[in-house]
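Coordinate inspection notes
Now for the letters of each chain:
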Amino acid sequence: MAKAVSLHVICGILAALVVSLVKADDPYRYYTWTVTYGTRSPLGVPQQVILINDQFPGPRLEVVTNDNIILNLINKLDQPFLLTWNGIKQRKNSWQDGVLGTNCAIQPNSNYTYKFQTKDQIGSYTYFPSTLLHKAAGGFGGLNVYERPRIPIPFPNPDGDFTLLVGDWYKTNHKTLQQSLDSGISLPFPDGVLINGQAQNTFSGDQGKVYMFRISNVGLATSLNFRIQGHKLKLVEVEGSHTLQSIYDSLDVHVGQSVAMLVTLDQPPKDYYIVTSTRFTKRVLTAAAVLHYTNSHTPVSGPLPIGPTYQIHWSVKQARTFRWNLTASAARPNPQGSFHYGKIMPTKTILLANSASLINGKQRYSINRVSYINPDTPLKLADHFSIPGVFSVDAIQTLPSSGPTFIATSVMPASLHDFTEVVFQNNEKTIQSWHLDGYDFWVVGYGFGQWTPAKRRSYNLVDALTRHTAQVYPNSWTTILVSLDNQGMWNMRSAIWERQYLGQQFYLRVWNAVHNLANEYDLPTNVVLCGKAIGRHP
Ligand SMILES: *[C@@H]1O[C@H](CO)[C@@H](O)[C@H](O)[C@H]1NC(C)=O
Ligand SMILES: *[C@@H]1O[C@H](CO)[C@@H](O)[C@H](O)[C@H]1NC(C)=O
């Protein structure tokens, strides 16, 4: 009898478990994307571009928090190719990050199926090619993660939603640009600025309604300012952080970054200019699109609204006003709310100084004297199969030092759950944009000159926002705090593509000696092997 009862109870528990497992299984979304070359004329002259399913820019991924993405990417180019998911945290899953340190490139006429989850994220992101200089030819797109039903966002649902991919652009073929970099020569000044792959564009909305504008800088090198004639911009989200909803006339968006704003169409019915223009450049490149009121019969008119061009202080001041809305719900870096970032002492400080120099007569970029070079075997695979001689954990130091720069496949070791302060020290006279895969981080301070420990007193330890890409102003520093809670091999890189391509990157190996699937997923069953990993058994 007792046995029967307990069996009954166990069956009940099992049934409940099965039900809860089924419930816990988040929706799957399947995609097949084919990458090809095509011809487009974004700046008036025909040029070769990269298409995804015949689209330039690529299709917009619109998913919901926690969706499982199964995306079969078929490469029909004549070169190896990978896409990376900019800002998608790939929790426990650096296997799917789509950079050469984690994945073998997809060879021409072959394919790879990415499998990842947009876990605990809501916001505006992008994807783009991480291989060679493919990003200069397209292959990028918007990646919007929407809230699940019943999870409130801290603003009413907008009446419409526009995704604007803005970026500098070259008429020159990506292979020619790459050859220039390979021969040690910097890229020239870009030829123009595009909005969604075009120099002209129209966005239509109804008078009186509120529209979300998601702006991502998908360009190669240039910071941009964004503004709309006669309209105010209410900032609501930055790379997954819901911000204090402040009002701006214009917003700076640096390379690799995304911001989302609400715009109320509260002006007389006519058409208005949407303008994006380059920042910190001697010559200013501008793209103008049109905001069309559906009840308007009046075309755009008047001068383009002016924005800042070289003013650095203006940008720093604005950056400091980007703050986290502490009372807003929705996705958080630590959804459990188990700690507040400003109340814990960092366990480690890393100081990263970028530099430009010639190595063997060729232009290279370095971090703490090391200029990164891609190996033929992804670091993640070398690590998994314990293949020696692929990367070096001794090359890059956590503090700058003096001496010559050198080339290495540099990996910085770090312990899972370290709470780390990273200071980006920019002693060059150009703006920097730094990105870390696998994480978002608190941007706690921007300052001029040399960082010193005393600068910590100026940190925002109350309501800094989290994001995945931070700008560092010329001859300045930026500090981020990052909780290293995502095991894996993660790319820390310059989002400025020439710098990334010529060495301003490395990998952070976030590691715990205890092998545990709760910390990191196993090698994917469809993993592609290359280099020294060929013939290894997954
Ligand atoms: C390539 O695509 C086929 C289906 O077209 C699929 O069965 C296969 O798993 C894909 N290969 C990889 C490595 O994902
Ligand atoms: C912060 O979020 C709350 C809760 O959603 C919202 O009511 C409030 O307006 C927001 N505050 C600001 C200043 O954006």
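- Of the protein chain, the UniProt comment under Sequence similarities (unreviewed entry) reads exactly: "Belongs to the multicopper oxidase family."

Quick word on the overall build of the protein chain
- Across its full length, the protein chain carries five helices and 33 strands.
- By its C-alpha atoms, the protein chain is 85 × 65 × 55 Å across when sized along the principal axes.
- Counting over 538 residues, the protein chain shows a buried share of 57%.
- Across the protein chain, contacts joining residues at least 24 apart in sequence account for 78% of those joining residues at least 6 apart.
- Approximately 21,600 Å² of the protein chain is accessible, and the part contributed by carbon and sulfur atoms is 57%.
- Of the charged side chains in the protein chain, 45 are positive and 34 negative, and the gap between their average positions amounts to 4 Å.

Here's the deal with the environment of Asp394
- In this fold, Asp394 is placed in the loop between helix H4 (379-384) and strand S24 (406-408).
- In the structure, Asp394 is positioned 14 residues away from Ala408 in sequence and 9.8 Å away in space, judged by C-alpha atoms.

As for the site of ligand 2
- Close to ligand 2 lie Pro154, Leu244, Gln245, Asn325, Thr327 and Ala328.
- In the environment of ligand 2, an oxygen atom lies 2.9 Å from a nitrogen or oxygen atom belonging to the backbone of Gln245.
- With respect to ligand 2, the side chain of Asn325 contributes an N or O atom lying 2.3 Å from an oxygen atom.
- Expressed as a share of its isolated accessible area of 360 Å², the protein-covered part of ligand 2 is 52%.

With respect to the state of the cysteines
- Across all of its chains, the model carries one disulfide by this definition.
- Disulfide pairing is shown between Cys104 and Cys530; the S-S distance is 2.1 Å. On the sign convention where negative is left-handed, the bridge of Cys104 and Cys530, at about -85° about the S-S bond, is left-handed. Taken as a pair, Cys104 in the loop between strand S5 (83-86) and strand S6 (110-117) and Cys530 in the segment after strand S33 (505-511) lie far apart in primary sequence, 426 residues in all.
- Overall, the relative accessible area of 6% leaves Cys104 in the buried class.

As for the nonpolar core
- Of all hydrophobic cores here, the largest spans 43 residues; its most connected members are Leu164, Phe213, Ile215, Phe226, Met261 and Ile274.
- The leading source of residues in this core is strand S20 (residues 286-293), at four residues.
- Counting residues domain by domain, this core receives three or more from each of domain 2 (160-311) and domain 3 (336-533).
- Non-local contacts of Ile274, meaning those with residues more than four positions away in its chain, are made with Leu164, Ile195, Phe203, Phe213, Phe226, Arg227, Ile228, Ala287, Ala288, Ala289, Val290 and Leu291.

Here we look at the environment of Gln179
- Relative to the assigned elements, Gln179 resides in helix H2 (residues 174-182).
- We classify Gln179 as exposed; its relative accessible area is 53%.
- In the structure, Gln179 is positioned 25 residues away from Ser204 in sequence and 41 Å away in space, judged by C-alpha atoms.

Some remarks on the sheet that holds S5
- What the four strands build is an open sheet, ordered S3-S8-S7-S5; its pairing is mixed. If you trace the sheet from one side to the other, it starts and ends with strand S3 (61-64) and S5, each paired once. When strand polarity is set aside, the average angle formed by the axes of neighbouring strands in this sheet is 20°.
- With four bridges joining them, S3 and strand S8 (residues 141-146) adopt parallel strand pairing. Considered in S8, the bridge of Val63 is made with Val145.

Points about the site of ligand 1
- As a matter of local geometry, ligand 1 sits amid Asn72, Asn111, Tyr112, Thr113 and Asn526.
- Residue Thr113 places a side-chain N or O atom 2.8 Å away from an oxygen atom belonging to ligand 1.
- Within the side chain of Asn526, a nitrogen or oxygen atom sits 3.4 Å from an oxygen atom of ligand 1.
- About the coverage of ligand 1: the protein hides 46% of its 360 Å² of free accessible area.
- The element that contributes the greatest number of residues to the shell around ligand 1 is S6, accounting for three residues.

Focus: the pattern of salt bridges
- Under the criterion given, the structure shown has 16 salt bridges.
- Here Arg279 ties to Asp252 by a salt bridge, and the two come within 2.9 Å at their closest N and O atoms. Taken together, the residues Arg279 in the loop between strand S19 (271-278) and S20 and Asp252 in strand S17 (residues 250-253) connect sequence positions 27 residues apart. In this pair, the class of Arg279 matches that of Asp252, namely buried.
- A salt bridge links Asp463 to Arg323, with the nearest nitrogen and oxygen atoms 2.8 Å apart. Taken together, the residues span a long stretch of sequence, with Asp463 in the loop between strand S28 (441-448) and strand S29 (466-467) and Arg323 in the loop between helix H3 (312-321) and strand S21 (348-359) at a distance of 140 residues.
- Taking the relative accessible area as the measure of exposure, Asp463 reaches 9% and is therefore buried.
- Relative accessible area serves as the criterion here: at 31%, Arg323 is assigned to the partly exposed category.

Examining the UniProt feature "domain: Plastocyanin-like" (unreviewed entry) in the protein chain
- Under the UniProt annotation, the feature "domain: Plastocyanin-like" (unreviewed entry) is placed at residues 35-148, 161-295 and 377-513.
- Secondary structure across residues 35-148 divides into 0% helix and 43% strand, with the first and last C-alpha atoms of the span separated by 30 Å.

Re the pairing of strand S22 (residues 362-367)
- Across the six residues that make up S22, a large majority, five, are buried.
- Relative to S22, S21 runs antiparallel, the two being bridged by six bridges. Bridge pairing in S22 links Asn354 to Ile367.
- Between S21 and S22, which pair antiparallel one after the other, the connecting turn spans two residues, and Asn360 there sits at a positive phi close to 50°.

What counts, and where the lines are drawn
Residues numbered from 1 in each chain as written. Chains lettered and ligands numbered in written order. Predicted model: local features only at pLDDT ≥ 70, side-chain atom pairs only at ≥ 80, totals over all residues. Heavy atoms only, no water. UniProt positions renumbered as here; feature names shortened; annotations may be inferred. Helix = DSSP H or I, 4+ residues; strand = E, 2+ residues; numbered from the N terminus. Buried < 20%, exposed > 50% of the residue type's maximum accessible area, 1.4 Å probe, protein only. Contact = heavy atoms within 4.5 Å. Areas by Shrake-Rupley, 256 points an atom, 1.4 Å probe, with all protein chains shown as cover. Lys, Arg positive; Asp, Glu negative; His and termini not counted. Charge placed at Lys NZ, Arg CZ, Asp CG, Glu CD. Near = heavy atom within 4 Å. Polar contact = N/O pair within 3.5 Å; in protein donor to acceptor, adjacent residues only side chain to side chain. Disulfide = S-S within 2.5 Å. Core = buried A, V, L, I, M, F, W, Y, C linked by side-chain atoms within 4.5 Å. Domains from an automatic or database assignment. Pairing = 2+ DSSP bridges. Axes fitted to C-alpha atoms, helices over the stretch in contact; angles between N-to-C directions. Salt bridge = Lys/Arg side-chain N within 4 Å of Asp/Glu carboxyl O.

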